[in-house]
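Here is what each chain is made of, one letter per residue.
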There are 2 protein chains.
Amino acid sequence: LIEFSWSKTEKTIARAAFDRALERELKAIRLEVQGMLSRAASDRVVWEILDYLREKQREVDERYDFRYSQLVRVFAILVREGWLNEDELAGLAPDKLEAIRKILSIR
Amino acid sequence: LIEFSWSKTEKTIARAAFDRALERELKAIRLEVQGMLSRAASDRVVWEILDYLREKQREVDERYDFRYSQLVRVFAILVREGWLNEDELAGLAPDKLEAIRKILSIR
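Since the structure is predicted, the reported quantities are computational estimates derived from the model, not experimental observations.

Points about the nonpolar core
- Residues Phe75(A) and Phe75(B) are the most contacted members of the largest nonpolar core, which totals 74 residues.
- Of all the secondary-structure elements, those providing two or more residues to this core are helix H1 (8-39), helix H2 (45-63), helix H3 (71-80) and helix H4 (94-106) of chain A together with helix H1 (8-39), helix H2 (45-63), helix H3 (71-80) and helix H4 (94-106) of chain B.
- When sequence neighbours within four positions are dropped, the list of residues in contact with Phe75(B) reads Trp6(B), Ala14(B), Ala17(B), Phe18(B), Leu84(B), Leu89(B), Leu92(B) and Ile100(B).

Okay, structure coming up:
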């Protein structure tokens, strides 16, 4: 893994993109819980919601790692999973964008 | 603890009361989750819901113990917590109803 250095501007762009992806994911989780509640005939749906949220918490904890050593990998995953658009990373240095695209092209 | 014997009729009454209490509790949990969702401005409410449901699952697992050796104690708790009315236990033998009232009078 290449160690990148992050300029102050890049750190600001990274933080904003990271937070935006997390907000989107939280909104999607909330909408899914609302959907489960409104679709379910049985009140036992609360245990399905519990299982769903446990799994989502595990995923989110694992995915949202804001260490600069991890961030290129994290952004590649967020783009691949649809939580970020590549153009929301505009302003990062070309070496990082290139590294992100490389990861995206592999998997 | 006194060991009670349960007639077939009593077992039927007990099962119905137990299931009714659990249904009411599940309905209350579902309504609380719906309330949390509708009141919350932030999507982070999903993590509050997760904590709430974890705690409720722990409580429900602990409380709803349908062993005949535990049932008098369980019913006393369900009456005390408002999930059952005493008259929904009508048809149980007087010794059991007496034991339930005794527990209710102590705590």
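Some points on the packing of aromatic side chains
Residue and element names in this part refer to chain A.
- All chains considered together, the criterion is met by eight aromatic pairs over all chains.
- For the pair phenylalanine 66 and tyrosine 68, a centre-to-centre distance of 5.4 Å together with 65° between the ring planes defines the contact as edge-to-face.
- Chaining the aromatic ring pairs together yields one cluster made of Trp6, Phe18, Tyr64, Phe66 and Tyr68.
- Geometry around phenylalanine 66 places arginine 15 over its ring, the cationic atom sitting 4.1 Å from the centre.
- The ring of tryptophan 6 carries lysine 96 above its face, with NZ or CZ at 4.9 Å from the centroid.

Quick word on the interface of chain B and chain A
- Counting from both sides, the interface comprises 24 residues of chain B and, opposite them, 24 residues of chain A.
- For the chain B and chain A pair, buried surface summed over both sides reaches about 2200 Å², with 65% attributable to carbon and sulfur atoms.
- When the area that chain B buries against chain A is broken down by residue, the three leading residues are Arg30(B), Asp43(B) and Trp47(B), summing to 32%.
- Put simply, chain B and chain A have four salt bridges between them.

A closer look at the relation of the copies chain B and chain A
- It takes a turn of 180° to lay chain B on chain A, together with a shift of 0.0 Å along the axis; the resulting RMSD is 0.0 Å. Put plainly, the chains are arranged around a two-fold axis. Measuring from the rotation axis to each C-alpha of chain B, the shortest distance belongs to Leu50(B), at 3.0 Å.
- When the interface residues of chain B are mapped onto chain A, 100% of them again fall at the interface, so both copies present the same face.

Things to note about the pattern of salt bridges
- Under the defined criterion, the tally for this structure stands at 33 salt bridges over all chains.
- A salt bridge links Lys27(B) to Asp43(A); the nearest nitrogen and oxygen atoms lie 3.3 Å apart. Here the residue Lys27(B) occupies a position in helix H1, and Asp43(A) occupies one in the loop between H1 and H2, the pair thus bridging two chains.
- What makes Lys27(B) partly exposed here is its relative accessible area of 47%.
- Residues Arg58(B) and Glu55(B) are paired through a salt bridge, measuring 3.1 Å at the closest nitrogen-oxygen approach. Within this pair, Arg58(B) and its partner Glu55(B) are both found in helix H2, separated by three residues, close to a single helical turn.
- Owing to a relative accessible area of 46%, Arg58(B) belongs among the partly exposed residues under this scheme.
- Residue classification places Glu55(B) among the partly exposed positions, given a relative accessible area of 35%.
- Residues participating in the shared-partner salt-bridge network are Glu25(A), Lys56(A), Glu59(A), Arg63(A), Arg80(A) and Glu81(A).

Looking at H4(B)
All names here are of chain B.
- Compared with the 18 Å implied by 1.5 Å per residue over 13 residues, the 18 Å span of H4 between its first and last C-alpha is a close match.
- Taken together, the buried positions of H4 are occupied by Lys96, Leu97, Ala99 and Ile100. Buried residues of H4, seen end-on, are gathered within an arc of 160° and therefore sit on one face of the element. The outward face of H4, more than 90 degrees from its buried face, is lined by the exposed residues Pro94, Lys102, Ser105 and Ile106.
- Packed against the buried residues of H4 are H1 and H3.

Thresholds, definitions, all that
Residues numbered from 1 in each chain as written. Chains lettered and ligands numbered in written order. Predicted model: local features only at pLDDT ≥ 70, side-chain atom pairs only at ≥ 80, totals over all residues. Heavy atoms only, no water. Core = buried A, V, L, I, M, F, W, Y, C linked by side-chain atoms within 4.5 Å. Buried < 20%, exposed > 50% of the residue type's maximum accessible area, 1.4 Å probe, protein only. Helix = DSSP H or I, 4+ residues; strand = E, 2+ residues; numbered from the N terminus. Contact = heavy atoms within 4.5 Å. Phe/Tyr/Trp six-rings, centres within 6.5 Å; stacked < 30°, edge-to-face > 60°. Lys NZ or Arg CZ within 6 Å of the ring centre and 35° of its normal. Buried area = accessible area lost by both parts, 1.4 Å probe. Salt bridge = Lys/Arg side-chain N within 4 Å of Asp/Glu carboxyl O. Least-squares fit on C-alpha atoms with pLDDT ≥ 70 in both. Expected span 1.5 Å × (residues − 1). Arc of directions from axis to C-beta.

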